[in-house]
Amino acid sequence: MIIETKDLTKYYGKIRGVENLSFSIEKGEIFGFLGPNGAGKTTTIRTLLGFLKPTRGKAFIFGKDVEKEIVKIKEKTGYIPGELALYGDLTGKDFLKYFGKLRRNFDEKKLGKLLEIFELPLKRKVKGYSRGMKQKLSIVQAFMHNPELIVMDEPTAGLDPLLQGKFYDFLREEKKEGKTMFISSHILMEVEKISDRVGIIKEGNLVALENVDSLKSKKGKVVKVKTVEEIKIRGIKAKMENGWTSFVVTKDVDAVIKELAKYTIEDIEIGELSLEEIFMHYYR
Amino acid sequence: MRIAIHSVKNSWKGTLILLLLFIGLFVMIIAIYPNMKEFLDMWAESLPEVALSTFGRSGFELSMVEGYLNMEFYQWGWVLTLGVYFVFISSSVISKEIENKTIDMLLSNPVSRARVVLEKFLGLVPGVILVNVAMPIVVLGCLKYINETIDVTYLFYTHFASVFYLCAVCALGLLFSVIFDETKRANVLAIGAISGMYIMEILSILSEKYSAIGKISIIHYYDPGEILVHKTIEASDVVILCIITAVLLAAAAIYFEKRDIAIS
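Residues numbered from 1 in each chain as written. Chains lettered and ligands numbered in written order. Predicted model: local features only at pLDDT ≥ 70, side-chain atom pairs only at ≥ 80, totals over all residues. Heavy atoms only, no water.

Enquirer: Just to check I follow, could you spell out the pattern of salt bridges for this structure?
Expert: It is possible for side chains bearing opposite charge to pair when their charged atoms get close. Counted according to the given criterion, the structure contains 23 salt bridges over all chains. The residue Lys58(A) makes a salt bridge to Glu67(A) at a minimum N-O spacing of 3.8 Å. With a closest N to O distance of 4.0 Å, Arg185(B) and Glu182(B) form a salt bridge. A single salt-bridge network, built from bridges that share partners, covers Lys58(A), Asp65(A), Glu67(A) and Lys68(A). (Salt bridge = Lys/Arg side-chain N within 4 Å of Asp/Glu carboxyl O.)

Structure, rendered in C-alpha cells:
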C-alpha cells in the first residue's frame, strides 16, 4: 500500500475542508482524484503531504505517518502543486540545480530524459516563462529524482493538447516502471484516459471510489432539444425550460433518437455528460 | 546548506546597497566633525540631562571622537536603523515564500520546516558579518583622513558585539516571518517590535520606575557607547544575546513545524 487514509478530516476553523476520507492506493496504480472546484482536492493533497495538519483521522504514505515522518516520505515523493509558484528570479537551469541539490536521489540521466520530452528555455528566467512552460518545469522537477510516488494537483492545466498527449504517454511509461501516481482533476475525460481507479469527492466527502471501467459505464449524453410539442419519453426524466427539454441518456441512444423523431424538432444539442452532471445523475 | 546559500544569493544586493548607504552617511557625519568639534562641548553642556539620555544611552562626550560617533552614528544609525533593516528582511524570508506560494515547491523537497527556519537564518548571517567587517575599516580610514585616532580594539569589540545583536534581531524577525502569511504585516509588526524595544530601553534609562522593562528589550544588551566610549564590554551581554537568538529561533522552528500552511 502506498497511500492509506483513515477518516482523514480537515477543518479550517469551522469551515469544512474534507471529511472522513478513507481510501488506499496500491503500488503501481494511477489514481484519479476527481471533483469540482472547491470540493477539497487540494486540501486532501496538502494534508497528505504535511502542509496541513489533519483535524481528525490519519494518513500514511509508504506506511509512514504523514504527521511524523514527512521528510522521509518526501525523499521518495514528487509533487506538482496546483499553484504554479516557482522562483521567478532563477533561470530554469538554476531552479533545477537548486532543487536537484535538495533532493537526495537526484538523477542526471532522468533529468536529461525529461528535458528531451518537455523542452524548456533553461537559460531564461522563470518569471519570463509562459504558463505552459511553467507547468513543464513543474513536471520536470517532480520526476527528476525518480520518486516512487508522484502527487499531482491538476497537472495538465496550461498544457496544450499536444503536450497533454506527451504527458500522458510519459505517465504510462512511468507506470511501467512501477511508479504510483495520484492525479487530481476536475475534468473526467482527462482522468479516465490515464487512471486505473477514480475517487470522486464532493463537498469534502468521498462519494465514489470506482474502477475507471465501471465509471465509463456510467457515461452518457446530455440531450437538449427544442420542440414544438411537449416531449414525453418513457423512462426518462426531463427538465423543461423556455421550450427546451433536456435529459440524460445513459443506455439506449438509438431508442431515444427514434422516439424523438416523432416530434417536430426546431433545434438540438447533444453533449458529453460533464463531471457535475455525472454527480447529479449518479451520486446525488 | 542549499537553502541558506540560495537565500544569500537572493539578498546580497540589498545588503550591499545598504552598506554603501551607511558608508555615505558615515562619510558625511565624519566630514563635518572637524568643524563641529569645538561647539559640541558647549552644546552638550547646555542640554538638560533628560535630553542627554534620550539621545544616546551612554557616552555623551561629544568632543571625543568616540562620543561623537556613538551619538551621531552608532546609537540611532547602527542600533536602530540597521536593526530595523535586518528585522525587515528577516521578517520577509518565510512569509514571502508563503505569500508567493513558493513554499509548496520548497517543502516538496525532503527538508523539515525546522531546517528551513535554521537555513533561512544562516542565510542572513553573512550579511550581518559583511556590514560589521566593512564598517570598522571605513571608520578607521575616514578617521585617519581627518587625523583623529580611535582605540582599534574597542572599535573591533563594538562590531563584534554588533554581530550578536543583529543575529538576535534576525531571529526576532524570523519569528514574525513564520507567524504571519502576509509579508507586509510581518514587516510592520516586526519593525514595530524592534522600535518598541528601542523606546522601552530609552524609557528604562529615563526613569527608575521603568528600569525593569529595559531588560526585556534586545537593545538593552548592545550599547555601542558603552564599548566605544567607556571601553567596557560585558561578556554576559554577548551571552544573553546568544541565548535570545537561540530561544527565538527555537520558537520560530517549533511554531513553523506545528502550523498549517494554507494557500488560498
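There is more to say, and it comes next.
Enquirer: I'm lost on the pairing of strand β13 (residues 244-249) of chain A in this one. Help?
Expert: Along any regular strand, the residues point their side chains to alternate faces of the sheet. All names here are of chain A. With six bridges joining them, strand β11 (residues 221-227) and β13 adopt antiparallel strand pairing. By the bridge assignment for β13, lysine 221 is matched with valine 249. Judged from the three bridges that link them, strand β12 (residues 239-241) and β13 form a sheet pairing that is antiparallel. Its bridge partner lying in β13, lysine 239 is registered against serine 246. The antiparallel hairpin formed by β12 and β13 contains two residues in its connecting segment, where asparagine 242 sits at a positive phi of about 45 degrees. (Pairing = 2+ DSSP bridges. Helix = DSSP H or I, 4+ residues; strand = E, 2+ residues; numbered from the N terminus.)

Enquirer: Got a minute to help me understand the environment of Leu162(A) in this structure?
Expert: All names here are of chain A. With respect to the element layout, leucine 162 can be found in helix α6 (residues 161-176). Given the relative accessible area of 71%, leucine 162 is considered exposed. Between the C-alpha atoms of leucine 162 and leucine 86, which are 76 residues apart in sequence, the distance is 23 Å. (Buried < 20%, exposed > 50% of the residue type's maximum accessible area, 1.4 Å probe, protein only.)

Enquirer: For this particular structure, what's the right way to read the sheet that holds strand β5 (residues 64-65) of chain A?
Expert: Adjacent strands of a sheet pair through backbone hydrogen bonds, lying either parallel or antiparallel. Residues and elements named next belong to chain A. Taken in spatial order, the four strands of this open sheet run β2-β1-β4-β5, and their pairing is antiparallel. Edge positions in the sheet fall to β2 (15-25) and β5, since each has one partner strand and no second. Of the pairings in the sheet, the one linking strand β1 (residues 3-12) to β2 comprises seven bridges and is antiparallel in character. Its bridge partner lying in β2, lysine 10 is registered against valine 18. The sheet strands contacting helix α1 (residues 41-48) are β1, β2 and β4 (56-61), and the helix crosses β1 at an angle near 115 degrees. (Contact = heavy atoms within 4.5 Å. Axes fitted to C-alpha atoms, helices over the stretch in contact; angles between N-to-C directions.)

Enquirer: I'm lost on the interface of chain A and chain B in this one. Help?
Expert: Between chain A and chain B, the residue contacts involve 27 residues of the former and 26 residues of the latter. Carbon and sulfur atoms supply 59% of the area that chain A and chain B bury against each other, a total of about 2,500 Å² over both sides. Of all residues in chain A, Phe51(A), Tyr87(A) and Leu102(A) bury the most surface against chain B, accounting for 25% of the area lost on that side. The partner of Lys10(A) in a salt bridge is Asp260(B), with the nearest N and O atoms 2.4 Å apart. Applying the counting criterion to the chain A and chain B interface returns 14 residue pairs in polar contact (both at pLDDT 80 or more). Of all the secondary-structure elements, those providing two or more residues to the side of chain A that touches chain B are β1, α2 (70-75), β6 (77-80), α3 (92-102) and α5 (131-143) of chain A. With five residues, the top contributor of residues to the side of chain A that touches chain B is α3(A). Looking at the side of chain A that touches chain B residue by residue, the classes come out as 14 nonpolar, four polar and nine charged. (Buried area = accessible area lost by both parts, 1.4 Å probe. Polar contact = N/O pair within 3.5 Å; in protein donor to acceptor, adjacent residues only side chain to side chain. Nonpolar A, V, L, I, M, F, W, Y, C, P; charged D, E, K, R; others polar.)

Enquirer: Mind showing me how you'd approach the confidence of the model for chain B here?
Expert: In regions of low pLDDT, the predicted coordinates are not meant to be interpreted in detail. For chain B, per-residue confidence averages 89 on the pLDDT scale, and residues scoring 70 or more make up 92% of the total. Model confidence for the complex: the whole-complex pTM is 0.87, and ipTM, which rates the interface, is 0.84. (pLDDT = per-residue confidence, 0-100.)

Enquirer: Looking at this structure, how should I read the packing of aromatic side chains?
Expert: Each aromatic ring pair is characterised by the separation of its centres together with the angle its planes make. Residues and elements named next belong to chain A. With the rule as written, the count across this model stands at 30 aromatic pairs over all chains. Each ring, one from phenylalanine 143 and one from phenylalanine 170, has its centre 4.9 Å from the other, and the planes form 80 degrees; the classification is edge-to-face. Residue phenylalanine 143 is found in helix α5, and its partner phenylalanine 170 is found in helix α6; the two are separated by 27 residues along the sequence. As far as the burial class goes, phenylalanine 143 and phenylalanine 170 line up, both buried. (Phe/Tyr/Trp six-rings, centres within 6.5 Å; stacked < 30°, edge-to-face > 60°.)

Enquirer: Got a minute to help me understand the side chain of Arg113(B) in this structure?
Expert: Relative to the helices and strands, Arg113(B) is located in helix α7 (residues 113-145). For the buried Arg113(B), no salt bridge exists, and the shortest N-O distance to an oppositely charged side chain is 5.1 Å, to Glu257(B). Those residues in contact with Arg113(B), other than ones at most four positions away along the chain, are Gly50(A), Phe51(A), Lys53(A), Leu107(B), Phe256(B), Glu257(B), Arg259(B) and Ile261(B). (Lys, Arg positive; Asp, Glu negative; His and termini not counted.)

Enquirer: What's the story with the sheet that holds β6(A) in this structure? I'm lost.
Expert: Residue and element names in this part refer to chain A. Strand order in this open sheet of six strands is β6-β7-β8-β3-β9-β10, and the pairing throughout is mixed. Since the sheet does not close on itself, it has two edges, and those belong to β6 and β10 (205-211), each with one partner. Averaged over neighbouring strand pairs, the angle between their axes works out to 15 degrees when direction is ignored. Alignment of strand β9 (residues 197-202) against β10, held across six bridges, turns out to be antiparallel. Bridged to isoleucine 201 within β10 is leucine 206. Relative to strand β8 (residues 180-185), α6 is tilted by about 150 degrees, and along the sheet it contacts β3 (30-34), β7 (149-153) and β8.

Enquirer: Sorry, what's going on with a positive patch on the surface here?
Expert: Together, Lys93(A), Lys97(A), Lys101(A), Lys123(A), Arg2(B) and Lys9(B) make up a positively charged patch on the protein surface. By residue number, the principal contributor to the positive patch is α3(A), which donates three residues. Assignment of secondary structure puts Lys101(A) in helix α3. Residue classification places Lys101(A) among the partly exposed positions, given a relative accessible area of 45%. (Patch = residues over 30% accessible without salt bridge, like charges linked within 9 Å, V, L, I, M, F, W, Y side chains within 5 Å. Areas by Shrake-Rupley, 256 points an atom, 1.4 Å probe, with all protein chains shown as cover. Charge placed at Lys NZ, Arg CZ, Asp CG, Glu CD.)

Enquirer: Honestly, α1(A) in this entry has me stumped. Any pointers?
Expert: What sets the pattern is the α-helix's 3.6 residues per turn: residues three or four places apart point alike. All names here are of chain A. Within α1, seven of the eight residues are buried, which leaves the element mostly enclosed by the surrounding structure. All buried positions along α1 are accounted for by Lys41, Thr43, Thr44, Ile45, Arg46, Thr47 and Leu48. Trailing α1 by a residue or two, glycine 50 shows a phi angle of about 85 degrees, which is positive.

Enquirer: Is there a simple way to think about the pairing of β1(A) in this case?
Expert: Residue and element names in this part refer to chain A. As defined by bridge partners, β1 adjoins β4 across five bridges and the pair is classed as antiparallel. Residue pairing in the sheet places glutamate 4 in a bridge with phenylalanine 60 of β4. Linkage of β1 to β2, two consecutive antiparallel strands, is achieved through a turn of two residues, within which glycine 13 is found at a positive phi near 65 degrees.

Enquirer: Would you explain unusual backbone geometry in this entry?
Expert: Most peptide bonds are trans, and most residues other than glycine sit at a negative phi. All names here are of chain A. Backbone geometry at aspartate 7 places phi at a positive 50 degrees, although glycine is not the residue there. Assignment of secondary structure puts aspartate 7 in strand β1. Residue classification places aspartate 7 among the partly exposed residues on the basis of a relative accessible area of 43%. For phenylalanine 62, which is not glycine, the phi dihedral falls at a positive 50 degrees. Here phenylalanine 62 lies in the loop between β4 and β5.

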